[in-house]
Amino acid sequence: MNRRDFLRYLSMGAAAGLTLPLEQVLAAAAVPGNTGANGRVVVVGGGMAGAAVAKYLRLWGGTGVKVTLVEPNAIYYSNIFSNKVLTGDTTLAKLAYNYTALKKNYGIEVKTTSVTAIDPTSKQVKLADGGTLPYEHLVLAPGITFDALSVSGTIGNKAKIVHAWQAGPQTVSLQAQVKAMTNKDTFILTIPPKPYRCPPGPYERACVVADYLTRVKKGGKVIVLDANNGILAEPNNFGKAFTSIHKNITYVPNAILNSIDADTGTVNTAVGSFKGKVINAIPAQRAASIITQSGLGLANDTTGKWAGVDLLSYESTAVAKIHVIGDSHASGQPKAGHIANAEAKVCADAIVRAMRGESPNPNPRTNSACYTPITKTTASWLSVAFKYDPALKTMVPAGAGVVESATINKDNYEEMNKWFSNLMSDTFA
Ligand SMILES: Cc1cc2nc3c(=O)[nH]c(=O)nc-3n(C[C@H](O)[C@H](O)[C@H](O)COP(=O)(O)OP(=O)(O)OC[C@H]3O[C@@H](n4cnc5c(N)ncnc54)[C@H](O)[C@@H]3O)c2cc1C
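Residues numbered from 1 in each chain as written. Predicted model: local features only at pLDDT ≥ 70, side-chain atom pairs only at ≥ 80, totals over all residues. Heavy atoms only, no water.

(A) Representation of the site of the ligand. The environment of the ligand is made up of 35 residues, and the closest members are Glu71, Tyr76, Arg197, Asp327 and His338. Contact distances for the ligand include 3.5 Å between an oxygen atom and a side-chain N or O atom of Asn73. Within the backbone of Val115, one N or O atom sits 3.0 Å away from a nitrogen atom of the ligand. For the ligand, whose unbound accessible area comes to 1,000 Å², protein coverage reaches 93%. Looking at the shell around the ligand residue by residue, the classes come out as 17 nonpolar, 13 polar and five charged. Counting only domains with at least three residues in the shell around the ligand, you end up with domain 1 (23-145 + 286-361) and domain 2 (148-283). (Near = heavy atom within 4 Å. Polar contact = N/O pair within 3.5 Å; in protein donor to acceptor, adjacent residues only side chain to side chain. Areas by Shrake-Rupley, 256 points an atom, 1.4 Å probe, with all protein chains shown as cover. Nonpolar A, V, L, I, M, F, W, Y, C, P; charged D, E, K, R; others polar. Domains from an automatic or database assignment.)

(B) Layout of the packing of helix H8 (residues 201-217) against helix H9 (residues 235-245). For the pair H8 and H9, interaxial distance at closest approach is 11 Å and the crossing angle is 30°. Our classification of the angle between H8 and H9 gives roughly parallel. Note that H8 runs across H9; the crossing there is left-handed. In contact with Tyr203, Glu204, Ala206 and Cys207 of H8, H9 contributes Phe238, Ala241 and Phe242. In terms of residue class, the contact of H8 with H9 is built from six nonpolar, no polar and one charged. (Axes fitted to C-alpha atoms, helices over the stretch in contact; angles between N-to-C directions. Helix = DSSP H or I, 4+ residues; strand = E, 2+ residues; numbered from the N terminus. Parallel < 35°, antiparallel > 145°, perpendicular 65-115°, else oblique. Left-handed = near helix turned anticlockwise from the far one by under 90°. Contact = heavy atoms within 4.5 Å.)

(C) Examining the pattern of salt bridges more closely. The full count for this structure, using the stated rule, is 10 salt bridges. One salt bridge connects Asp89 with Lys376, and the closest N-O pair in it is separated by 3.0 Å. Of the two residues, Asp89 is situated in the loop between helix H4 (83-86) and strand S4 (96-97) and Lys376 in the loop between strand S24 (365-373) and strand S25 (379-389); the sequence distance between them amounts to 287 residues. The exposure class of Lys376 is partly exposed, given its relative accessible area of 39%. In this structure, Arg353 and Asp349 form a salt bridge, with 2.9 Å as the shortest nitrogen-oxygen distance. Of this pair, Arg353 and Asp349 both sit in helix H11 (residues 337-355), four residues apart, roughly one helical turn. Residue Arg353 is classed as partly exposed on the basis of its relative accessible area, which comes to 24%. Several salt bridges converge on common partners, so that one network encompasses Asp89, Asp211, Arg215 and Lys376. (Salt bridge = Lys/Arg side-chain N within 4 Å of Asp/Glu carboxyl O. Buried < 20%, exposed > 50% of the residue type's maximum accessible area, 1.4 Å probe, protein only.)

(D) Quick peek at the layout of surface pockets. A volume near 590 Å³ is recorded for the second largest pocket. If you trace the second largest pocket, you find 26 residues lining it, with Pro199, Gly332, Gln333, Pro334 and Lys335 closest to the centre. When residues of the lining of the second largest pocket are traced back to their parent elements, those giving at least two are strand S23 (329-330), S24, S25 and strand S26 (394-404). Of the residues that constitute the lining of the second largest pocket, the class distribution is 17 nonpolar, five polar and four charged. When residues of the lining of the second largest pocket are assigned to domains, at least three map to each of domain 1 (23-145 + 286-361) and domain 2 (148-283). (1 Å grid on protein atoms, 1.4 Å probe; cavity = no way out; pocket = protein on both sides within 12 Å on 5 of 7 lines; lining within 4 Å. Points joined across faces, edges and corners; volume = space filled by probe spheres on them.)

What follows is the structure, encoded as structure tokens:
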């Protein structure tokens, strides 16, 4: 705190006749006073989308916007960079984020519990701890849930088949399995049909595991069984990585997963059966269960798996005053953390405007960048910007559309670390 802030602290306390703790005054300095927006917002889910919307509702809406964030976990583990945990290049502890800054710097109330039901008539949510919370706007940012896989075998062997597509205990389990591989072993990765969380993520995982096997184990193979008909993201860079950088990767398209025999390590697909020591099966995905099982028709896109929203405000097309952001909603935008942060800002802005009786911004823009480690020291990247198309009522690529880096190099790897640190600070700090 500098001298000017300290004098401000004293004058604020004197004017208000209050003796506020220093932290609260500093927090008040970050959040503006009443901006004309008043109301209560409940945010469900404290991941990439939920943490960002909570922060920006306060930063842009000011003290009149009361924000409560409901999240069952006290610690959020970033999925971004979690592939590097598998190879020992980082740890889950280094990818851990808490909610202290959101509480302290922006005055967000955080409840460490889950939302179990939504009542849009009385405008309140039920909590797993027995409580209820009223809202004027509800923002759902609960991420994804996974469809069941057909896996046979003993309980012990079945437990080894993990997706590790939500950073946490499964990431640790898969890391141990990769570490135990020998130079004769095969790692099988199955990719679900699109849309799934993080389009380049599985290809990135194949690269870092293949690199680890070559560098550390001096041998070992990776088989990528992709349910899609080709590489979905960065086809040039991953195509190059699979053919000339990591010669120990075999890429198999159209490999729709049928079943897994965990006892024999056999993966049965539409294009044949494959055997491996470690099977990393990423299941098909849909919006988190609070959306698909709410009974409110929130999962109302054409597939019934994702929430349909008005992309000017991310308000549900099924239920008024409920907004859905991040991986749970349906749009042409990728399911990724960077763009979840951008969607959160569009949503926060629209809610603050609505509280002031204004219309949402008619021209929202979002963007996504994704850096992908290809080896322990090199990376590539992918970026795309979106603009709103009023005729189609959807977000369409703007400018050059999807762009991938021309090269895979060390500079990209260094940029990647900076990009990650900025994105996570903008979301959680
Ligand atoms: C291996 C991997 C690598 C990735 N790499 C990148 C990358 O390089 N760049 C990028 O942009 N994206 C990347 N992603 C994707 C990114 O992690 C997700 O797109 C992003 O986390 C989505 O944000 P979200 O807020 O929608 O969901 P999440 O971040 O999953 O957050 C959802 C939160 O909601 C909570 N929740 C769920 N249900 C409830 C409930 N009923 N009540 C209260 N809380 C609830 C959950 O506990 C969770 O904390 C990667 C993903 C993976 C798996």
